[in-house]
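# Observations on the model geometry
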Amino acid sequence: MEHAHFGRVETRALDGAGVVWEGAARLGDAEVEARLWAGPSGEPDHEELDALAARLSDLPTLDATARPALRAYLREDRSFVDHHIEELEDSETVARLVRDAAGEEVGADPFAAAMRLSGVGLWLSGVSDGPPVILDYVFDPELSDQILAVKLTRDGAVVSVDWES
C-alpha cells in the first residue's frame, strides 16, 4: 500500500511485529525519532494510517496532552524521580533541580519539565493489544535508559503512563 505520509507500507514479509517505516517529527527545535510498527496481518487500513499520520504531524499537541499525565504520574508515585535523583549524582540536570528545590525534595512538575520526548511509536491494529500511539519520555538520556511511556489512543487521549527501560 502507498500512503501519502508513510510512503510504501509493506507488511506481507513480516513474521511478527516489525518496523515498516522510520522517520522523524519536529517538536520545537528537537527532532524526535518515529517508527510505524505493523504485523503480518495483511494490508493496513488507509484510514488508520491517516489517523496515525495526523497524530505524528501534530506532535506539539500530543506532547501538550502527555505532559499533564507525566506530572500526575510523578506526583502519585515518586519512584521514577527518586531513582534518578539518587542514581544520577553526576547529572547537571539533577544538580540544577536539587539546587532549585532549595532543600526541599525535587518536585514532580520541574522534574517532568526536564524530561524530553525521545521517540514516538505508532502501532497498527492487530500488532499489539495496547494503545496505538506511544510517546517515550526520558530524563538525561546520556546517563539513564529509563523511559516513561505515555500511551494514547488513535484520537490522542491518554490511556496510561508506564515506567519502562
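Data block above holds the structure.
Residues numbered from 1 in each chain as written. Predicted model: local features only at pLDDT ≥ 70, side-chain atom pairs only at ≥ 80, totals over all residues. Heavy atoms only, no water.

### Observations concerning the nonpolar core
Counting 46 residues, the largest nonpolar core has Phe 6, Leu 36, Leu 59, Leu 74, Phe 111, Val 120 and Leu 135 as the members making the most contacts within it. Here this core gets seven residues from one element, more than from any other, and that element is helix 2 (residues 59-76). Residues contacting Leu 59, with those up to four places away along its chain left out, are Ala 25, Arg 26, Leu 27, Val 32, Leu 117, Val 120 and Leu 135. Counting residues in hydrophobic clusters, the runner-up holds five residues, among them Trp 123, Ile 134, Val 138 and Ile 147. (Core = buried A, V, L, I, M, F, W, Y, C linked by side-chain atoms within 4.5 Å. Buried < 20%, exposed > 50% of the residue type's maximum accessible area, 1.4 Å probe, protein only. Helix = DSSP H or I, 4+ residues; strand = E, 2+ residues; numbered from the N terminus. Contact = heavy atoms within 4.5 Å.)

### Re the pattern of salt bridges
Inspection of the entire model under this criterion finds eleven salt bridges. Two residues, Glu 164 and Lys 151, come together in a salt bridge whose shortest N-O distance is 3.2 Å. Taken together, the positions of Glu 164 in strand 8 (residues 158-164) and Lys 151 in strand 7 (residues 147-152) put the pair 13 residues apart, joining distant regions of the chain. Connected through salt bridges with shared partners, the residues Glu 22, Glu 33 and Arg 35 form a single ionic network. (Salt bridge = Lys/Arg side-chain N within 4 Å of Asp/Glu carboxyl O.)

### Let's talk about the environment of Phe 80
With respect to the secondary-structure elements, Phe 80 resides in helix 3 (residues 79-87). The sequence separation of Phe 80 and Leu 148 amounts to 68 residues, and the corresponding C-alpha distance is 8.5 Å.

### Quick notes on the sheet that holds strand 6 (residues 133-138)
The six strands are arranged 3-4-5-6-7-8 in an open sheet whose pairing can be described as mixed. One side of each edge strand has no neighbouring strand; the edge strands of this open sheet are strand 3 (18-27) and strand 8. In this sheet, adjacent strand axes meet at a mean angle of 20° when their direction is disregarded. Two strands pair when backbone bridges link them, and strand 4 (residues 30-38) and strand 5 (residues 116-123) are joined in this way by five bridges, in the parallel orientation. Looking at strand 5, one finds that Ala 34 is bridged to Val 120. Docked against the sheet, helix 2 engages strand 3, strand 4, strand 5, strand 6, strand 7 and strand 8, running at close to 60° with respect to strand 6. (Pairing = 2+ DSSP bridges. Axes fitted to C-alpha atoms, helices over the stretch in contact; angles between N-to-C directions.)

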